Each structure stands twice: as C-alpha cells, then as structure tokens.
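The primary structure of each chain is shown beneath.
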Amino acid sequence: KLTNVALKIFIQAVGSYQKKKAKELGFKKAQTGSVLFIQRFGSALNLNIHGHAIFADGIFCRSRLGMVSA
C-alpha cells in the first residue's frame, strides 16, 4: 500500500507540473497522460520494489476539432 501511495504522489507531481506549464502557455483545461507499473523483483529474482513510468511529452486539450496535443 505504501508503494502505491508513493507512486501516486509521483504521478500527481509530474502531472501538476505539466498542467502548470500548459496554463502558462494559455491552455486552460490541459490533460496529461501517463502509464505506471510496479515491478517487485530484480533480474536475479531478488526483492527490488520499484516503479516504471512513461509520461506523454506534452499535454492534451479539447478544441473545436476534437482532442489535440501540444
């Protein structure tokens, strides 16, 4: 449970940063995208709890044309 909480805080922190930068550029309702998974073992099958995350390099906004990325 502690790992989930820590990684959720990490995702929220990065997403908040992206939204803040988007707002500075004039995008009011920016959305971010990310995928995260928890790996519990290392290559030698030793206990090594850590997360892997992928973030979109930018933000997504709804416009008259639909969803656009910036």
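Residues numbered from 1 in each chain as written. Predicted model: local features only at pLDDT ≥ 70, side-chain atom pairs only at ≥ 80, totals over all residues. Heavy atoms only, no water.

Side note on unusual backbone geometry
Step number 1: Not every positive phi belongs to a glycine, and Leu45 is a case in point at roughly 60°.
Step number 2: Its relative accessible area of 69% is what places Leu45 among the exposed residues. (Buried < 20%, exposed > 50% of the residue type's maximum accessible area, 1.4 Å probe, protein only.)

Observations regarding the environment of Gly33
Step number 1: Considering the arrangement of structural elements, one finds Gly33 in the loop between helix H1 (2–24) and strand S1 (34–41).
Step number 2: Look at Gly33 and you get partly exposed, because its relative accessible area is 22%.
Step number 3: In this structure, the C-alpha to C-alpha distance between Gly33 and Leu2, residues 31 residues apart in sequence, is 23 Å.
Step number 4: Every residue in contact with Gly33, bar those within four places of it in the chain, is listed here: Ile54, Phe55, Ala56 and Phe60. (Helix = DSSP H or I, 4+ residues; strand = E, 2+ residues; numbered from the N terminus. Contact = heavy atoms within 4.5 Å.)

Let's talk about H1
Step number 1: Look at H1: 33 Å from first C-alpha to last across 23 residues, which is about the 33 Å you get at 1.5 Å a residue.
Step number 2: Taken together, the buried positions of H1 are Leu7, Gly15, Gln18 and Ala22.
Step number 3: Where H1 is buried, its residues contact S1 and strand S2 (47–55).
Step number 4: The first or second residue beyond H1 is Gly26, which carries a positive phi of 100°. (Expected span 1.5 Å × (residues − 1).)

Fair warning: the whole summary comes from geometry, so function is off the table for now.
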